[in-house]
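As a plain string of letters, each chain reads:
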Amino acid sequence: MSRYNFKSVETKWQNYWEKNKSFKVKTDPSKKKFYCLEMFPYPSGKIHMGHVRNYTIGDVLARYKSLQGYNVLHPMGWDSFGMPAENAAKQNNLDPKKWTETNVLNMRTQLKKLGLSIDWDREISTCNKDYYKHQQAFFLELFEKKLVYRKENYVNWDPIDETVLANEQVIDGKGWRSGAIVERKKLSQWFFNISKFSQELLDGLEKLDSWPNKVKTMQKNWIGKSFGCEIDFKIEGDLPIKNIKCFTTRPDTLFGFSFLALSIDHEVSKFFSNDEDFLRFKNECSKTGTTEEAIAVGDKIGFKTNLEAINPLDPKQKVPVYFANFVLMDYGFGAVFGCPAHDQRDFDFAKKYNLKIKTVVRPIDKDEKFTVSDQAYPGPGIIINSDFLNGLSAPENSILETIKILEKKKLGKKQINFRLKDWGVSRQRYWGCPIPIAYDENGKVYPIPKSMLPVELPENINLNIKGNPLDSQNNWREINIDGKKLFRETDTLDTFVCSSWYYLRFCSPTETKYGFKKEDIDYWMPVDQYIGGVEHAILHLLYSRFFMRALSHDNNNFNILEPFSGLFTQGMVCHETYKDPDNNWVSPDEIENINGKKYLKKNKSKLVSVGPSESMSKSKKNTIDPENIISNYGADSARLFILSDSPPEKDVQWSEEGIISSFKFIQKLWKLNEKVIDEINKNHNTDIDDEIMKYTNKYLKKVHNNLESFSYNKIIANLYEMYSFLNKQIEKAYTKRTLIENYKKILITMTPILPHFANECLSIIKAENLKWPEYDVSMLKEDNINIVIQINGKKRGLVQTMPNISEEKLLEIVKNDEKMNKYFEQKNIKKKIYIKDKLLNIII
RNA sequence: GGGGCGAUGGCGGAAUUGGUAGACGCGUCGGUCUUAGGAACCGAUAGAGCAAUCUGUGAAGGUUCGAGUCCUUUUCGCCCUACCA
């Protein structure tokens, strides 16, 4: 018995695949295609377990589809622009490009060691000018279509990264990467007009049947469509303001109007720019507005103006106008009509400032005297205290009726509002795709002619200066277009732009004229299965969906709206956390297990405390380096374990015991393989083993179903079961003749999961032209089945019998069985429920 | 505050979608072999009980011949989102 040498076998097959370009594919419309894509990595330096999981899941699918005869596009590339390169370069006085290239080299080597079925000839890197020049061309294309524009706007400014962030990149008021509290700053920025497609992006979700509902819901909420009404309020006071527009979803509660609240950035605020009280209030708002506590508590503060707003439905009613901290400038019109009785925020505000609270909706089960007292009533009911609106049923009917009335009186109009904002893409950073725009001395915008692309990033520049390094590159900034002296835009594009179209580039990675070739994307797109982390549910996936619509807009040659027809979001990789007696995090590498207890390796008298399993992170030191795992146990063991313990969409817990048991299992499979080969070589001529054929068929069916439903953890269970069956069955003399054909099929089903091991075994038995083994339905029939016998719904026994047995015969058998008969002898059988070949329930 | 997901042995998780609950793995226990084992192999392992049996899928009801699965109520946990008018 030899030991399975994973090192030599894995190296052998990886070299074989590389040399033979086994996974190289071409556009070939005569073949059915399958585009399997995993989210491409940022080249941070080393792969982590999350990558191992992501790419293993994808590889299982790619290899499976390939065996099924599909022409499988399974590419890999690098999302290589971005802040970490710039920061690392600053710290170590390096060139971001060199840093990135070194990382790419390392990570490519690591990924190859995982044995992925990737067409490496299609590798792309977004920081490469062959890539980003096409991106600049797309930018200009969108610019021509007026889907890109420049405006001065309040932006989210990250003071640590010294850059602007998109709304999506601000989490709990903090920068998504730096964690710094985001400030408000007014800057001129480039925007992609994503909000133009709000409705389409929302509608498109309906057709994405193979997306997780969770992701669709998140996008839907993010787009945030709401139906309501724009109302024009007349204003009285000593300022030159005649009216203020509000957006509301509840115009039907207008008679409950008791104040009008404005955002501190509302245009009306310009009249208060010298008012010290207002400035103090404004300052207060920006303080409370950014702390997490204030958001959670939602303390509402206001600044009363000397203006009054007139209720359009009841001109006699005049209410005060406030500035309030809870009104957002970039939603609706930055102004809210306050109806305290039926909106909790308005209620809180009214209580605080002693404003009138007038109830205008009563719940169905309450009478007309119903009044709101200690909290707002936002629910359904009947309109009351509202003159001509009384009696309408709220909310649906009353809203529609009120809008009709307002429209007739020209006081307002129906409006649909979206939460989705345009995508600010300017970044004040060096390491990104330059924006192909120039300005003259007056700031007039000149797109760089496409013939002058790419706008290359200057190299070897000093990054250790405050602000955007490109600002100080005067030689680079100056440009001459048609004899005019202009200055380049020094902002670069958000790196999410790079990842918004990379899947197109994979279809035509070497095309020079344009970002892709039509015949290539016509064949390969859309991506049939996209696999990645759920953390990109909104950002990357929404941007990509927008980008396809933007390219399709006014373009008859391009009509892809949805880039990813299937989406799968895998869970995270977790590990136990450890702390030493001084409460410092301890890495699993520093721990030794003695008699089931965990001690510090360097000081074995010190016990470590074991914390809950959490997603691997450097800060908690609970990471496991895939490189060590691969060199100690092999890629196949790592692949086997990462798939085995949990369903791919859920978090998985990495453990030492787990990876060891996977490693051992491969050793067992190898021993089984040697036994099988011994038997095959004995050349048996007689006897056919039905059992092994039937078992294999059942196994094939299970594996097939589990592959189709992404239940990869169950495939591993199927493998274990198969092993123990075959390991026993092979001892039986009659097994031998039918062994090889069935064993070959089983080995093929193993190739997606254990590609090195299974291909090695297959090559030993000289199997060639591998195809995915289909199961034979006729072989699934059972000779013997177990029928459950229930008495009054309780399981009382099993009857082993032939299929298709009649109810009478079955009952006969049951009656002759002492164990079961005792439950109903001498009793009347009231009823029998017989589910053929499955169950007999006897009711007494 | 809003939305979503979930709760099954000591642990990770199965259960053909209403029909034998706990597959498979980890862990634990017992055994064989061994100088030894933290190796390999064999066996046991939801709980209670000597047993026959009984009880068991967060809790309480309901539908059904039959419920982990469907319905109602409820508790807890996780994730997302957050003053969206």
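The structure this text deals with has already been given above.
Computed from a predicted structure; not experimentally measured.

A. Representation of the nonpolar core in the model. Core analysis: the largest hydrophobic core is formed by 89 residues, its most contacted members being Y35, F192, Y502, Y503 and L504. Of all the elements, helix α16 (residues 539–552) adds the most residues to this core, at nine residues. Once residues within four sequence positions are removed from consideration, Y502 is found in contact with L37, E38, M39, F40, I124, Y131, Y530 and H540. One finds L61, F568, I630 and A635 within the second-largest nonpolar core, a separate group that totals 85 residues.

B. The sheet that holds strand β20 (residues 423–424), seen in detail. The sheet built from four strands is open, its strands ordered β6-β5-β9-β20 with antiparallel pairing. Looking at strand neighbours, the two that pair on one side only are β6 (163–165) and β20, the edges of this open sheet. Of the pairings in the sheet, the one linking strand β9 (residues 183–192) to β20 comprises two bridges and is antiparallel in character. By the bridge assignment, F192 is partnered in β20 with W423. Along the sheet face, helix α5 (residues 129–144) touches β5 (148–158) and β9 and points at about 90 degrees away from the line of β9.

C. Layout of the protein's contact with RNA strand B. Close to RNA strand B lie 45 residues, the nearest being T249, Y331, R419, K714 and N841. Among atoms of RNA strand B positioned within 4 Å of the protein, sugar and phosphate together represent 64%. Measuring from a sugar or linking oxygen of RNA strand B, one finds a side-chain N or O atom of S646 at 3.2 Å. Contacts to RNA strand B include K714, whose side-chain N or O atom sits 2.5 Å from a phosphate oxygen. Going through the elements one at a time, α7 (213–223), β11 (243–248), α19 (656–681), α21 (712–729), β36 (785–791), β37 (794–801), β38 (831–835) and β39 (839–843) are the ones with two or more residues in the surface near RNA strand B. Per element, the largest residue contribution to the surface near RNA strand B is five residues, and it comes from α21. Grouping the amino acids of the surface near RNA strand B by side-chain chemistry returns 18 nonpolar, twelve polar and 15 charged.

D. Quick look at a nonpolar patch on the surface. On the surface, F227, L400 and I416 cluster together into a nonpolar patch covering about 250 Å² of accessible area. On the accessibility criterion, L400 (45% relative accessible area) is partly exposed.

E. Inspection of the sheet that holds β39 at higher detail. Here four strands make up an open sheet; going across it, the order is β37-β36-β39-β38 and the pairing mixed. Looking at which strands have only one partner, the edges of the open sheet turn out to be β37 and β38. For this sheet, the mean angle separating the axes of adjacent strands, direction not counted, is 15 degrees. As judged from the four bridges shared by β36 and β39, these two strands associate in the parallel manner. Looking across to β39, one finds that I791 is bridged to I842. The strands touched by helix α24 (residues 807–816) are β36, β37, β38 and β39; relative to β39, the strand with the most contacts, the crossing angle is about 70 degrees.

F. Summary view of the packing of aromatic side chains. Evaluation of the coordinates by the stated rule reveals 63 aromatic pairs. With a centroid separation of 6.5 Å and 40 degrees between ring planes, the pair formed by F278 and F281 is classed as tilted. Here F278 and its partner F281 are both found in helix α8 (residues 276–290), three residues apart, which amounts to about one turn of the helix. We classify F278 as buried; its relative accessible area is 1%. A centroid spacing of 3.8 Å and a plane angle of 5 degrees characterise the contact between Y695 and F725, whose relative ring orientation is stacked. One end of the pair, Y695, is in helix α20 (residues 690–708); the other, F725, is in helix α21, with 30 residues separating them in the sequence.

G. Region of interest: a positive patch on the surface. Among the surface-exposed residues, R3, K664, K668 and K671 lie close enough to one another that they form a single positively charged patch. One can find K671 in helix α19. Residue class for K671 comes out partly exposed when judged on its relative accessible area of 45%.

H. Highlighting the environment of G571. Its location among the elements puts G571 in the loop between β29 (567–570) and β30 (573–579). The spacing of G571 and V321 is 250 residues in sequence and 49 Å in space, taken between C-alpha atoms. Ignoring any residue separated from it by four or fewer positions in sequence, one finds G571 in contact with R53, P648, E649, K650 and D651.

I. Structural context of the environment of E396. Topologically, E396 is positioned in helix α11 (residues 396–408). Note on E396: relative accessible area 59%, which makes it exposed. Each C-alpha atom of the pair E396 and R250 lies 9.5 Å from the other, and the pair is 146 residues apart in sequence.

J. Structural view of the pattern of salt bridges. Counted according to the given criterion, the structure contains 33 salt bridges. The salt bridge partner of R639 is D59, with a shortest N-O separation of 2.8 Å. Placement of the pair is R639 in helix α18 (residues 635–644) and D59 in helix α2 (residues 49–67), with a sequence separation of 580 residues. A relative accessible area of 0% places D59 in the buried class. One salt bridge in this structure joins K675 and E731, with 3.6 Å as the shortest N-O distance. Pair noted here: K675 is in helix α19 and E731 is in the loop between α21 and α22 (736–750), with a separation of 56 residues, a long-range link. What emerges from the salt-bridge pattern is a single network uniting E200, R545, R549 and E562.

Procedures and definitions
- Each chain has its residues counted from 1, running along the sequence as written.
- Following the order in which they are written, the chains are lettered starting with A and the ligands numbered starting with 1.
- In keeping with the model being predicted, local features are shown solely for residues with a pLDDT of at least 70 and side-chain atom pairs are shown and tallied solely at 80 or more, while totals for entire chains, interfaces and linings include all residues.
- To get the side-chain values, all heavy atoms of the structure are used, and hydrogens and water are removed first.
- Only buried residues count toward a nonpolar core. Its members are Ala, Val, Leu, Ile, Met, Phe, Trp, Tyr and Cys residues joined through side-chain atoms within 4.5 Å.
- Classification of residues uses two cut-offs on accessible area relative to the type maximum, computed with a 1.4 Å probe and protein chains only: under 20% is buried, over 50% is exposed, and between them is partly exposed.
- Think of it this way: any DSSP run of H or I at least four residues long counts as a helix, any run of E at least two long counts as a strand, and we number them from the N terminus.
- We call two residues in contact whenever any of their non-hydrogen atoms come within 4.5 Å of each other.
- Pairing between strands is defined by DSSP: at least two bridges between them are needed.
- What counts as an axis is a line fitted to C-alpha atoms, over the stretch in contact for a helix, and the angles between N-to-C directions run from 0 to 180 degrees.
- One heavy atom suffices: a residue is near a molecule or strand as soon as one of its heavy atoms comes within 4 Å of it.
- By the criterion applied in these results, polar contacts are pairs of N or O atoms within 3.5 Å in which, for protein atoms, one can donate a hydrogen and the other can accept it, and in which residues neighboring in sequence qualify only through two side-chain atoms.
- Residue type decides the class: Asp, Glu, Lys and Arg count as charged, Ala, Val, Leu, Ile, Met, Phe, Trp, Tyr, Cys and Pro as nonpolar, and the leftover types, Gly among them, as polar.
- Put simply, a patch holds well-exposed residues, over 30% relative accessible area, that have no salt bridge, with like charges counted together within 9 Å and Val, Leu, Ile, Met, Phe, Trp or Tyr side chains within 5 Å.
- Note on areas: these come from Shrake-Rupley sampling with a 1.4 Å probe, and a residue is covered only by the protein chains present in the view.
- The working definition used for a salt bridge is a side-chain nitrogen of Lys or Arg within 4 Å of a carboxyl oxygen of Asp or Glu.
- Each Phe, Tyr or Trp ring, with Trp reduced to its six-membered ring, pairs with another whose centre is within 6.5 Å; inter-plane angles below 30 degrees give stacked pairs, above 60 give edge-to-face pairs, and intermediate values give tilted ones.
- Under the convention used here, Asp and Glu are negative, Lys and Arg are positive, and both His and the chain ends fall outside the count.
- Taken as the charge location is NZ of Lys, CZ of Arg, CG of Asp or CD of Glu.

Just distances and angles here, no functional claims.
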